[in-house]
Each structure stands twice: as C-alpha cells, then as structure tokens.
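Spelled out, the chains give:
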Amino acid sequence: MTAKHAFEPKIVAFLCNWCSYTAADLAGTARRKYPFNARIIRVMCTGRLDPAFVLKAFAEGADGVLISGCHPQECHYISGNYKAYKRSMAIKNLIADLGIEPERFTMTFASASEGEKFAGIVRELTETVRALGPMGRVSDRLARYSQFKQDDIVAGGEDLG
Amino acid sequence: MADKLKFAFYWAASCGGCEVAVLDIDEKILDVAEIADIVFWPVALDFKVKDVEAMDDGSIDVCFFNGAIRNSEQEHIAKLLRQKSGALVAFGACAVLGGIPGLANFHHRKSIFDRVYSETESTVNPDGKRPKTTFAVAEGDLYLPEFYNTVVRLEDVVEVDYYMPGCPPTPEMILEAVTAIAEGKLPPKGATFGNIKTVCDTCERKKEEKKVKGFKRIHEAVDVDPEKCFLEQGIICAGSVTRDGCGARCLDANMPCRGCFGPADDVVDQGAQLVSTIATLLETDDLKEIEEAMAALPDLAGYAYRFSLPDSLLRRTVVDELEESKGGPTGGPAGGPKKGPDDDDRGGGKKGVAAE
C-alpha cells in the first residue's frame, strides 16, 4: 500500500497441492518477479473446491479469485480438475447475474514445472482486476443503505399504525 | 379464556399464501381455536397496531410472522411484535430466506423505481414522479414507509426463535408446530422445522447414473419420465441441496424441486451448492464444450437463488445504487436509464415529486 493508498487488488488464489502450488513455489525459488496481490490457499485438489468458497471470498472483499490446478489429463486424482473446471464455468455464469464481472474470476492450469506461467497468470489477473476497481465487502455495502439493527423504531419512531 | 394461549399472525413482504396456508389445516383450525385466542391477524381480524402497542411485553405467546422485510413499516411491526411476543416464528420461505420478494435483490431501489414508475408498458408518468416518504397536506403530514434498497430476512432485523420454511409451510408442519406449542414440547430455540437431510432423501424417483449432455428447464422439456430423477434427465432440480420436510410433493406431481425449504443443514449457500451439483453432472471432458454448456445455463442465479438470495453469501447483486447512478461497472443487471447521481443514498425516492 503506498502513501496515497493506491488500489491494490486483493486476490484469493486456490492452488492444488500437486501442480499449481508447486508452480508457485517454483516461481518463488526461481526468483520470478510477480505481483504480491495473490493470497495463496493450498488445497489438495481443485476438485475439492466448493463454489461457496469463491462466493465467500467475494463477499468478504476479495477483488478477484483464482483457481489453478493440474493440466487436463494430469490430475493427481484423475478427474478433479475437470470437476473444478465445470464448476468454475458455472460460477462465472452465476456471478455475472450477481453483478460481479466474470473477469474477476478465472480458472487456469499450471503444472509443477511452470513457475513462469504461474507468475504470468497472477500478473494478468492482477492487472485485469486493477482495471475493474475494488469490490468492497458485501456487509459494508448493505450497511451503507440500511438502518437494520441500528436504531429501534419501536422506541423512537413515528406511529405508522 | 384467561388460560388460553395467545397467537398473532402477521404478513410483511409476502404474497399472502402463508395466510391461506394457516387455513390449510382445515377443520383442525377449530382445535387451534380451542387452545388459543388470535389477538392480531390483519388479514382476517380487525385488531389494530395500537391494540398490539397496548399489550404487555411478551404477552403474545407465539407470533407467526410471514414475509421478508422490504420497507420501514415491516421492520417497525417486526420489532413491535418481537417485543410483545414470547416466541417469534419465521413462517414461510420469505421470512426465513427472503423468498420470492428477495429476488428483488438482483436489482436495487433505483432500478426498481425506474421500472415501476417510468418504464413499464402501461406507465404514463411524464413528470417522472416518485413516491415520497412524507407529504404535507392541509390536515397535516402524510407518511409512507421507506422502501429499502435491499430485501432482508426476518432474522436480519429481529431475533427469531423458530424457523418454519416452505412456500408455504405444509399443513402437517403447521399442525406439528401448533401441537408442540399446545403440549409445551417446543424444540430448542433456533430450530428449523423440517428434516436435516435433503429432498432427495424422500424423493421416490429412480436415481442411477447422473451423467447428462446438457441442461434444460422444466418448461423446455418434453417427455419427462415421471419415474426417473430429474437431474438424470438434464432437468435442473434443486432437490439435492434443499431441506426436506415437504415430503417431495412437487416431485410427486412431476415438477422439479424449486428449493423453497432453503438450504439443507450442511449447505452453506443453496445456490452455490446447486451450481456445484449440476455442473459436475455434465458428461464431457472437452474444455470448450464445458464452457459452452455452462454459459448456456439460462438464468442460473435466478434458479439457484429462487427463494434464498437474501440468505446467500452475497445477499444481493453487488452493483449498488450509487455506482449504478454514476454509470457503474459493467456486467451488472440492467438498471434502466441513468438519471444522474442520487445525493441521498438512503433517500427512498425522497427527491421525487409527490403524486397529487
């Protein structure tokens, strides 16, 4: 965060243990430069990801979400990456209806040897999200409009009877 | 008389179906009348809000509250009834989840007002008039409730003791609740009537291999096999993520589950879970085919959150009123013409011209 509080996108990245997490590791040990915006969460397989994880991330103020797993036909558990890809494409459809730009969410593939590719994925998503701007927490957004729970109308309000 | 229980019924943002559902218990309503006096029921009885205000706090034994909270009057009455009631029951999908009125959360106040007061085919409103919350006439000020930007569940404004989902709750469930109240055998506070498992658990359709080539909605389907699982026929059904308690009655009538009982016990977000379920049914492993099939799912969010948008993780479309009036981000729902910034983010159309 710079002194001027320039917008730095917060990106939650779910990476599979066997390919993409190792790719991120490789990007680090190979000293590849890439944006610090991705907060990496390791999962055993992208097939383990519930779409609720993605929605929860957005609800809590993530500006972008990345899922990255093994290349097609290379999943450690045979089909987890296909399941994740199907869910991811459906999530894109779902969030578009909820007013979230589908570009904020992406699913990619990066094998354990593709450190540079992983760095590129994060770079690209960070810039896409930076251009789209901040999301903010859903709870803050709701609070901005509502008086729910803030004051007791029964005690002090006008008679609506 | 003094020994009788006191019941109250109220409706907020709802269709009125829950009011009728109370009468669906048929002649058993007479048994209810035996054990309880109904002290407030705007749809059927002539008690006024001031009668409720005059009651002692906690003097109503059980209040059955149906409907979501969409405006300030509903919030006011919810708080009043909470204060006067020993037990408050969120009655029906709208009170528990937000329900059908909660679909308004795909829009916001400004786009709803624009649509209703300017854009509908039958609207003639050349001066662009909007309702105001107060209006002065010779006799004094007149008030209208403030229309909120977001529809919320009953539990978002007051503490709720029991949840009775369903659109509407089934007669069996209502009887179960009334009997439990009469016998003093109420479940622990915070309990939801219905089962903890999903509708699939009671659904008697044949369930075998779930692999489909594509999806359709029920009205697009011809030759629906009445014996076979809807999902296996490629027809979107919310049964696998929805709380059971209805006895799978829609499925018996050859209609897929719409999800009115809300998420089952272990489901965090009903829509996300449904998306997860149906996406993995697709048989292909071709990435391009996957992309096309998922992009083609029609009105996915509308189906996934038909009753539970205010109960979901995101709770509403994230394009908000302020952004919308500034031109806002793209990709959000259609919001109608943009008419310059709104100076008051809680204005409820205060800027509008009063109808005379």
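Residues numbered from 1 in each chain as written. Chains lettered and ligands numbered in written order. Predicted model: local features only at pLDDT ≥ 70, side-chain atom pairs only at ≥ 80, totals over all residues.

Trainee: What should I look at first to understand the overall build of chain B in this one?
Mentor: Summing up its helical and strand segments, chain B has twelve helices and nine strands in all. Counting across all 356 residues of chain B, residues that qualify as buried make up 47%. Nonlocal contacts in chain B, meaning residues at least 24 apart in sequence, comprise 73% of its contacts between residues at least 6 apart. (Helix = DSSP H or I, 4+ residues; strand = E, 2+ residues; numbered from the N terminus. Buried ≥ 20, exposed ≤ 12 C-beta atoms within 10 Å, placed from the backbone. Contact = placed C-beta atoms within 7 Å.)

Trainee: What's the story with the overall build of chain A in this structure? I'm lost.
Mentor: The helix and strand inventory of chain A stands at six helices and four strands. In chain A, which comprises 161 residues, the proportion classed as buried is 48%.

Trainee: Sorry if this is basic, but what is going on with the interface of chain B and chain A here?
Mentor: Accessible area lost upon the coming together of the parts serves often as the stated size of an interface. In this assembly, 54 residues from chain B lie in contact with 42 residues from chain A. Ranked by residues supplied to the side of chain B that touches chain A, first place goes to helix α4 (residues 72–84) of chain B with seven residues.

Trainee: What should I look at first to understand the sheet that holds strand β5 (residues 85–91) of chain B in this one?
Mentor: One key point about sheets: their strands pair by backbone hydrogen bonds, in either a parallel or an antiparallel sense. Residues and elements named next belong to chain B. The strand order across the open sheet formed by five strands is β2-β1-β3-β5-β9, and the pairing between neighbours is parallel. Whereas interior strands pair on both sides, the edge strands pair on one side only; in this sheet they are β2 (36–40) and β9 (162–164). Between one strand and the next, the sheet's axes are offset by a mean angle of 25°, whatever the strand orientation. Sheet topology note: the β5/β9 ladder contains three bridges and is parallel. The partner of Phe 91 across the bridge, within β9, is Met 164. (Pairing = 2+ DSSP bridges. Axes fitted to C-alpha atoms, helices over the stretch in contact; angles between N-to-C directions.)

Trainee: I keep staring at the domain arrangement of chain B and nothing clicks. Help me out?
Mentor: All names here are of chain B. Splitting chain B by domain gives domain 1 (5–101 + 151–182), domain 2 (113–148) and domain 3 (199–298). In this assembly, four residues from domain 1 lie in contact with four residues from domain 2. At the level of secondary structure, the elements contributing two or more residues to the side of domain 1 that touches domain 2 comprise β4 (69–71) and α4. Considered class by class, the residues forming the side of domain 1 that touches domain 2 number no nonpolar, two polar and two charged. (Domains from an automatic or database assignment. Nonpolar A, V, L, I, M, F, W, Y, C, P; charged D, E, K, R; others polar.)

Trainee: Is there a simple way to think about the packing of helix α1 (residues 20–29) of chain A against helix α4 (residues 115–132) of chain A in this case?
Mentor: Residue and element names in this part refer to chain A. The N-to-C vectors of α1 and α4 enclose an angle of 95°; their axes lie 7 Å apart at closest approach. It follows that α1 is roughly perpendicular to α4 by the angle criterion. Contact with α1, carried on its side by Ser 20, Ala 23, Ala 24, Leu 26 and Ala 27, involves Gly 115, Glu 116, Lys 117, Phe 118 and Ala 119 of α4 and no other residues of that element. When grouped by side-chain class, the residues that make up the contact of α1 with α4 number six nonpolar, two polar and two charged. (Parallel < 35°, antiparallel > 145°, perpendicular 65-115°, else oblique.)

Trainee: Help me understand the confidence of the model for chain A in this model?
Mentor: It should be kept in mind that the predicted coordinates are not to be read in detail where pLDDT is low. For chain A, the mean per-residue pLDDT works out to 88, and 87% of the residues sit at or above 70. Throughout residues 149–161 of chain A the model reports pLDDT below 50, and contacts reaching past four residues in sequence, or to other chains, amount to 20 contacts. (pLDDT = per-residue confidence, 0-100.)

Trainee: What exactly am I supposed to notice about helix α2 (residues 51–59) of chain A here?
Mentor: For an α-helix the count is 3.6 residues per turn, leaving residues at separations of three or four pointing the same way. In terms of burial, α2 of chain A is largely enclosed, as eight of its nine residues are buried. What α2 of chain A keeps buried is the set Pro 51, Ala 52, Phe 53, Val 54, Leu 55, Ala 57, Phe 58 and Ala 59 of chain A.

Trainee: Where do I start with the environment of Ala 112 of chain A in this structure?
Mentor: Residues and elements named next belong to chain A. Counting through the fold element by element, Ala 112 comes out in the loop between β4 (105–109) and α4. C-alpha separation for the pair Ala 112 and Trp 18, spaced 94 residues apart in sequence, amounts to 7.0 Å. Among all residues touching Ala 112, those that are not within four sequence positions of it are Cys 19, Thr 22, Ala 23 and Leu 26.

Trainee: Even after reading the chapter, I still don't get the sheet that holds strand β2 (residues 38–43) of chain A, so can you show me in this structure?
Mentor: Residues and elements named next belong to chain A. Spatially, the four strands line up as an open sheet ordered β2-β1-β3-β4, and their pairing is parallel. A strand with exactly one partner marks an edge of an open sheet, and here the two such strands are β2 and β4. Averaged over all pairs of adjacent strands, the angle between their axes in this sheet comes to 20°, without regard to strand direction. The pairing of strand β3 (residues 64–69) with β4 spans five bridges and is classified as parallel.

Trainee: What is the right way to look at the pairing of strand β3 (residues 60–66) of chain B in this model?
Mentor: Residues in a regular strand point their side chains to alternate faces of the sheet. All names here are of chain B. Counted residue by residue, β3 has six buried out of seven residues, so it is predominantly covered. Of the pairings in the sheet, the one linking strand β1 (residues 5–11) to β3 comprises five bridges and is parallel in character. Bridge pairing links Phe 7 to Val 62 in β3. Sheet analysis places β3 next to β5, joined by five bridges and oriented parallel. Looking at the pairing, Phe 64 lines up with Val 89 of β5.

Trainee: Would you explain the pairing of strand β7 (residues 140–143) of chain B in this entry?
Mentor: All names here are of chain B. Pairing of strand β6 (residues 134–137) with β7, which is carried by four bridges, proceeds in the antiparallel orientation. Counted as the bridge partner of Val 137 is Gly 140 from β7. Joining the antiparallel neighbours β6 and β7 is a turn of two residues.

Trainee: Help me out: how do you make sense of unusual backbone geometry in this one?
Mentor: For residues besides glycine, phi is generally negative; the peptide bonds are generally trans as well. All names here are of chain B. Backbone torsion omega between Cys 167 and Pro 168 reads -5°, so that peptide bond is classified as cis. Within the fold, Pro 168 resides in the loop between β9 and α7 (171–182). Positive phi outside glycine occurs at Asp 26, with the angle close to 55°. With respect to the element layout, Asp 26 can be found in the loop between α1 (17–23) and α2 (28–35). Residue classification places Asp 26 among the exposed residues on the basis of 9 C-beta atoms within 10 Å.

Trainee: What is the right way to read the packing of helix α3 (residues 80–97) of chain A against helix α10 (residues 287–295) of chain B from this model?
Mentor: One way to put it is that α3 of chain A packs onto α10 of chain B with a least axis distance of 8 Å and a crossing angle of 35°. Viewed along their axes, α3 of chain A and α10 of chain B form a crossing whose handedness is right-handed. Contact residues: Tyr 85, Lys 86, Met 89, Ala 90 and Asn 93 of chain A in α3 of chain A; Leu 287, Ile 290, Glu 291, Met 294 and Ala 295 of chain B in α10 of chain B. For the contact of α3 of chain A with α10 of chain B, a count of residues per class yields seven nonpolar, one polar and two charged. (Left-handed = near helix turned anticlockwise from the far one by under 90°.)

Trainee: Hey, could you run me through the confidence of the model for chain B in this one?
Mentor: Residue and element names in this part refer to chain B. Summing up the model confidence of chain B, the mean pLDDT is 87 and the portion of residues at 70 or higher is 89%. Within chain B, no element has a lower average pLDDT than helix α12 (residues 321–325), which sits at 61, and none a higher one than helix α5 (residues 93–97), at 97. Within the model, pLDDT remains below 50 along residues 328–356, and this stretch shows 63 contacts once partners closer than five positions in the same chain are excluded.

Trainee: So what exactly am I meant to see when it comes to the environment of Ser 59 of chain B here?
Mentor: Residue and element names in this part refer to chain B. Tracing the chain through its elements places Ser 59 in the loop between α3 (49–53) and β3. Owing to 14 C-beta atoms within 10 Å, Ser 59 belongs among the partly exposed residues under this scheme. A sequence separation of 54 residues divides Ser 59 from Leu 5, and the C-alpha atoms of the two residues are 9.5 Å apart. Excluding anything up to four places from it in sequence, Ser 59 contacts Lys 6 and Lys 84.

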